[in-house]
Amino acid sequence: PLKSSGPTLIHTQTLKMSDDVVSVKFSYAPETSKLLVFVSSLDSTVKVYFQDSLKFFLSLYGHKLPALALDCADDDTILASGGADKTIKIWGL
């Protein structure tokens, strides 16, 4: 048996999706009640969920092909998504 001195990871939540997931990004909100999870999927949408409950918040439409990359500003006011359609979308949150 191997002993690890590093951190232990524990699975805590599962979010079931209706389409294949391409990318996931967590927000940086200083208030834990406002943390969001951004998920891009093969249906070319970016879906937004509340991190604590994993309840759906909204869908972002605009890419013609799936978003391959997601990133958000440190203050959670802007989300950027880069798509396979060769576009970068900037979303105000």
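Computed from a predicted model, the values in this text were never measured in an experiment. (Residues numbered from 1 in each chain as written. Predicted model: local features only at pLDDT ≥ 70, side-chain atom pairs only at ≥ 80, totals over all residues. Heavy atoms only, no water.)

### Regarding the overall build of the protein chain
Argument step 1. Across its full length, the protein chain carries zero helices and seven strands.
Argument step 2. Mapped from its N terminus to its C terminus, the protein chain presents α and β elements in the order β-β-β-β-β-β-β.
Argument step 3. A principal-axis box enclosing the C-alpha atoms of the protein chain has dimensions of 50 × 30 × 20 Å.
Argument step 4. Evaluated residue by residue, the protein chain yields a buried proportion of 34% over its 93 residues.
Argument step 5. Intrachain contacts of the protein chain at a sequence separation of at least 6 include 30% that bridge at least 24 residues. (Helix = DSSP H or I, 4+ residues; strand = E, 2+ residues; numbered from the N terminus. Buried < 20%, exposed > 50% of the residue type's maximum accessible area, 1.4 Å probe, protein only. Contact = heavy atoms within 4.5 Å.)

### Overview of the pairing of strand β4 (residues 56–60)
Argument step 1. Where strand β3 (residues 46–50) meets β4, four bridges bridge the pair, whose relative direction is antiparallel. Note that in β4 the partner of Val46 across the bridge is Leu60.
Argument step 2. Hairpin connection between β3 and β4: a loop of five residues separates the two successive antiparallel strands, and Leu54 in this loop has a positive phi of roughly 60 degrees. (Pairing = 2+ DSSP bridges.)

### Some thoughts on the side chain of Ser40
Argument step 1. The residue Ser40 is located in strand β2 (residues 36–41) in this model.
Argument step 2. If near-sequence neighbours (up to four positions away) are discounted, Ser40 is found in contact with Asp20, Val21, Val22, Ser23, Thr45, Val46, Ala67 and Leu70.

### Re the nonpolar core
Argument step 1. Core analysis: the biggest nonpolar cluster contains 10 residues, these being Leu36, Phe38, Val46, Val48, Leu60, Ala67, Leu70, Cys72, Leu79 and Trp91.
Argument step 2. Elements represented by at least two residues in this core include exactly β2, β3 and β5 (67–72).
Argument step 3. No other element matches β5, which puts three residues into this core.
Argument step 4. Those residues within four positions of Ala67 in sequence are excluded, and the remaining contacts are Val22, Ser23, Ser40, Val46, Ser81, Gly82 and Gly83. (Core = buried A, V, L, I, M, F, W, Y, C linked by side-chain atoms within 4.5 Å.)

### With respect to the pattern of salt bridges
Pairing is possible between side chains of opposite charge, provided their charged atoms come close.
Argument step 1. This model, assessed by the stated rule, comprises two salt bridges.
Argument step 2. The closest approach of N and O atoms between Asp71 and Lys25, which form a salt bridge, is 3.1 Å. Pair noted here: Asp71 is in strand β5 and Lys25 is in strand β1 (residues 21–26), with a separation of 46 residues, a long-range link.
Argument step 3. In this structure, Lys47 engages Asp43 in a salt bridge whose closest nitrogen and oxygen atoms are separated by 2.9 Å. (Salt bridge = Lys/Arg side-chain N within 4 Å of Asp/Glu carboxyl O.)

From the geometry alone we can't say anything about function, so treat these as descriptive.
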